[in-house]
Structures are given as structure tokens and as C-alpha cells.
Amino acid sequence: MYLPPHDPHVDDPMRFKPLFRIHLMERKCATVECMYGHKGPHNGHIQIVKKDEFSTKCNQTDHHRMSGGRQEEFRTWLREEWGRTLEDIFHEHMQELILMKFIYTSQYDNCLTYRRIYLPPSSPDDLIKPGLFKGTYGSHGLEIVMLSFHGKKAKGTKITGDPNIPAGQQTVEIDLAHPLQLPDIENLRDFSELSRIVLEVQEQVRREEQEQEHQQEEEDCSQPAASQPAAKPLGGEGAEGEETAAGAAGTTQEKAPASQPFVLPMGVISRNEDYPRTCRICFYGTGLIAGHGFTSPERTPGVFVLFDDDRFGFIWLELKSFSLYSRIKVSFQNAEAPSREAFDEMLKNIQSLAT
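Predicted model, so just to flag it, every value in this text is computed and none were measured.

> I'd like to hear about the sheet that holds strand 3 (residues 20-25), residue by residue, with values.
In spatial order, the strands read 3-4-5-6-7; together these five strands make up an open sheet with antiparallel pairing. Every interior strand has two partners, whereas the edge strands, strand 3 and strand 7 (112-115), have only one. Neighbour to neighbour, the strand axes of the sheet diverge by 35 degrees on average, direction disregarded. Relative to strand 5 (residues 42-50), strand 4 (residues 29-34) runs antiparallel, the two being bridged by two bridges. Following the sheet pairing, C34 is matched in strand 5 by H42.

> An account of the side chain of N110 is requested, with residue identities and associated values reported.
Within the secondary structure, N110 sits in the loop between helix 2 (92-106) and strand 7. With relative accessibility at 6%, the residue N110 sits in the buried group. A polar contact of 3.2 Å, which involves the side chain of N110, links it to the backbone oxygen of L19.

> Describe in detail the state of the cysteines, supporting the description with residues and values.
What the rule picks out here adds up to zero disulfides. Here C34 is not disulfide-linked; the sulfur of C58 is the nearest cysteine sulfur, at 3.9 Å.

> Can you explain the confidence of the model for the chain? Please cite residues and give values.
Mean pLDDT over the chain works out to 83, with 83% of the residues at or above the 70 mark. Low pLDDT, under 50, characterises residues 226-256; the stretch is placed with 17 contacts to residues that sit more than four places away or in other chains.

Here is what the cut-offs are and how they apply
- Residues numbered from 1 in each chain as written.
- Predicted model: local features only at pLDDT ≥ 70, side-chain atom pairs only at ≥ 80, totals over all residues.
- Heavy atoms only, no water.
- Pairing = 2+ DSSP bridges.
- Helix = DSSP H or I, 4+ residues; strand = E, 2+ residues; numbered from the N terminus.
- Axes fitted to C-alpha atoms, helices over the stretch in contact; angles between N-to-C directions.
- Buried < 20%, exposed > 50% of the residue type's maximum accessible area, 1.4 Å probe, protein only.
- Polar contact = N/O pair within 3.5 Å; in protein donor to acceptor, adjacent residues only side chain to side chain.
- Disulfide = S-S within 2.5 Å.
- pLDDT = per-residue confidence, 0-100.
- Contact = heavy atoms within 4.5 Å.

Listed below in C-alpha cells is the structure:
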């Protein structure tokens with residue numbers, strides 16, 4: 001398991017923690033060991049579920065228990081997961097969220113399902129190289145997000161989730177067709193001024209979407225039912241829109257200075273005060289918020305801030321909160337890790353032995 005750094009040190013490297021290991025021996029014999037807990041390796045099991053997916057099961061979960069009971073387990077988990085003790089956390093809401101996460105994760109006892117992550121493709125027209133990023137999420141701590149580009153949009157998808165927004169949801173969506181011109185540094189400190197700029201763009205986006213819907217309805221009504229659909233431009237569906245979006249973004253970057261001063265407005269909360277004080281470009285975007293258990297989800301306006309090739313930020317207007325994201329550069333392999341093909345073959349051998 002690759003754990004994010006301790007909150008809020010988003011630029012620190014990922015932390016490595018073994019969860020299971022496989023011993024391949026002579027006569028096509030293999031053993032699986034669970035590495036979870038503090039009593040050393042013990043008996044485990046691996047099963048192939050379907051393509052790109054397998055599950056692990058611990059056969060001796062008593063090895064995960066501690067002599068001090070759940071309280072000792074919680075304190076140990078807190079030191080490893082957050083790098084602090086419960087006494088260091090004064091915020092009552094944060095204590096509640098941390099306890100919820102401990103209860104949720106500890107109930108599985110290392111009986112987990114793994115699915116392969118396919119990284120998004122990269123294009124020369126992308127704003128920055130897509131990939132995995134560590135991001136600050138207030139009282140939730142650090143989470144992993146995958147940034148990808150889709151024509152006029154860029155999307156941040158959660159790889160790890162929390163009690164409010166689960167993994168797999170789009171945490172942020174960036175509208176590359178609507179760059180934002182930030183006010184000068186003094187006016188930028190005024191949250192109401194930034195809010196005014198963002199809400200104006202939000203209204204502009206809403207009007208454009210209504211016009212597009214109206215235009216589409218008119219085209220649908222005027223087109224004879226028996227007529228053939230118009231031929232699509234070379235390059236596939238959406239190619240024209242993607243080219244326009246890339247060109248618009250490129251033009252904006254050419255007009256904008258190489259870097260501009262940046263500071264968070266007064267009243268915006270940030271877990272990490274060590275954010276860059278200059279940025280390249282900003283865009284209008286939306287962020288997903290919800291209650292516990294992903295109840296009443298809604299997209300709210302915000303500002304995407306590109307700092308450099310490896311860092312970006314997002315200002316959540318409604319929450320008055322700022323998330324800082326830093327690229328994950330680890331290769332996710334150690335010296336003894338098998339190749340993808342070798343690992344797949346290993347799982348097949350274990351499955352055939354089990355049957």
C-alpha cells in the first residue's frame with residue numbers, strides 16, 4: 001500500500017506499507033502471507049475475481065488484534081495514518097471524521113479487493129501532464145486524485161475517498177474554455193471580489209449552456225426524420241471541440257504573463273500555508289460537496305489555480321476552503337516487485353492450485 005504523506009505535507013513522498021506477500025516454491029507450490037498487524041506475517045489467501053481484479057483474505061485475523069484492545073489499535077493507527085496523537089487534534093469535527101475512517105477501514109481486517117488503475121492518456125495539447133496527485137481535503141487529510149483531460153474539460157477523479165465523497169467521484173471539474181483573470185494582489189485578498197468574478201463566469205456558463213440546448217432543440221426540430229446525420233469531422237467525435245478548447249487555452253496562456261502573483265483571499269482556510277505565491281493561469285471550475293454518506297451531492301463554483309507542471313490548487317468558493325495538489329512521482333515499484341505479466345501469471349498459478 002502507498003499511503004499519502006502526513007497531513008498537510010502534500011509535497012512529501014508517499015509512504016510504503018506491505019500488505020501481503022507470495023512465496024513461490026518448487027513443485028508449483030505457493031503460500032500467501034498477510035502482512036497486516038504487528039505480530040509478523042501469517043496465513044492468508046488470494047483469489048482472482050475477474051480481469052484486472054483480485055481479492056485478499058486474512059485467515060488469522062487474531063494477529064491484527066492488540067493487547068490493549070481497540071483503544072490501543074486506534075492510537076497506533078492514528079500515529080501511522082496521521083502522524084499525531086488524539087490529544088494533538090483539538091477540532092471536534094476532525095476527531096469525528098478520523099474516528100469514522102478508523103471504524104470503516106478496520107472492519108475489513110485486510111480482506112480487500114484490488115482493481116487495476118489505468119492512468120489517463122497524455123496529449124501534447126494538455127495543460128499539464130495528467131496523472132496522480134496528492135491533495136489536501138481539510139479535516140479529511142490528504143487524498144489521491146487522478147487528473148485527466150477531455151477536450152474543453154479537465155477532471156479530477158478521487159482514487160481514495162472519505163465519508164463525504166467516495167472514491168470514483170469527480171471531486172473537481174475544470175472548464176478550460178473559461179479562464180479567469182484574477183484581480184491585482186491587493187484586491188485578490190478581498191474574498192467578495194474573487195467571489196464576484198467567479199459568480200459572473202458561472203452565470204455566463206449557465207447562459208451558454210441554455211443557448212446550446214435551445215440551438216440543439218431547433219436543429220432537432222428542423223432536421224427531417226428521414227435524413228442522414230451530418231458527417232463528423234476527421235479525428236472522431238469531439239475532435240473539433242477539443243481542438244477549439246486546446247486552442248483557447250493555448251491563446252489564453254500566450255496572452256497571460258508567464259507567472260502572476262497569487263495569494264489566498266482573507267477568510268479562505270488552507271491546511272497548507274506553504275502554497276506557491278505565483279501561478280501561471282486560473283480557470284473557472286466546480287467542486288463536488290456532499291453530506292456524510294454522499295448525501296445531497298452538488299457541484300459548487302470554484303477556481304482552479306495552475307502553479308506549475310506538478311502543482312495546482314482549487315478554491316472551494318462555498319466552503320471558503322483551499323486544496324493544494326502535488327504530483328505523485330513514485331514509480332510504485334520496489335526492487336523486488338514483479339512485472340505486471342509476472343504478477344498476473346503468479347495469480348493464475350495460485351488460483352489453479354486452489355482449485
